[in-house]
Amino acid sequence: MALIMKAHPWKCGTCFERAVFPATLASYHARLDHDGRSYELELIDHHVFKCTRCGAVQLDDEAEDRLTQALRAAAGLLDPAVIRARREALGLTQKALANLLKIAESTLSRWETGAQIQQRVMDRLLRAFFDLEPLRDYFQSLEASSTSTGAPAQGPPLQPLSVGLAAEYRGSTHPTGTSPRPAS
Ligand SMILES: [Zn+2]
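On a predicted model such as this, the values are computed, not experimentally measured, just so you know.

Turning next to the overall build of the protein. Scanning the protein from N- to C-terminus turns up seven helices and five strands. Listed by position from the N terminus, the elements making up the protein come as β-β-β-β-β-α-α-α-α-α-α-α. The buried share among the 184 residues of the protein stands at 12%. Restricting to contacts in the protein with at least 6 residues of sequence separation, those with at least 24 account for 53%.

Along the chain, the position of Ala89 falls in helix H2 (residues 80-89). For Ala89 and Phe130, which are 41 residues apart along the polypeptide, the C-alpha to C-alpha distance reads 9.3 Å.

This part covers the confidence of the model for the protein. The pLDDT averaged across the protein works out to 83; a share of 76% of its residues lies at or above 70. For the protein, per-element mean pLDDT is lowest for helix H7 (residues 158-173), which scores 43, and highest for H2, which scores 98. Overall, residues 157-180 carries pLDDT values under 50, and its contacts beyond four positions in sequence, including any with other chains, amount to one contact.

Quick notes on the rules
- Residues numbered from 1 in each chain as written.
- Predicted model: local features only at pLDDT ≥ 70, side-chain atom pairs only at ≥ 80, totals over all residues.
- Helix = DSSP H or I, 4+ residues; strand = E, 2+ residues; numbered from the N terminus.
- Buried ≥ 20, exposed ≤ 12 C-beta atoms within 10 Å, placed from the backbone.
- Contact = placed C-beta atoms within 7 Å.
- pLDDT = per-residue confidence, 0-100.

Okay, here's the thing in structure tokens:
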């Protein structure tokens, strides 16, 4: 491990000594959880901040970015820049794509800036959408039919379900007419 001194030492968040210096770790290991799975990551020549007294390691934004990039690669997820580029190649705004996929525009924005890592299922959906023209056409047609039928339903989602169950319940306990009996 090479220790490179650049500035006055910072205060350590662990031992509170002013002994934190920029450092380049030849091998940095981390275990990160994402979307219900755990990933063992190793970064080579990772630029961090290390306390020379207690050994505590801190990451700045750049070091964090590199770590999440490694996580994306390990999980096989699309890069933020790729998501943006493929969306733009289709001539879609963030708002338009978010609407077609029924996700929040702010969510898509965070995927494209790297502030958030998409779930595996959403990554699959993005890939399918980008790769398959029939799927894009299908989503567009769903959108066209849902907007042509007027305002979206606003009622609470539980009400139609409970009404439906109640109707089914009545139907089974109050049969109309005489029930057929097996011949004795
Ligand atoms: Zn320390």
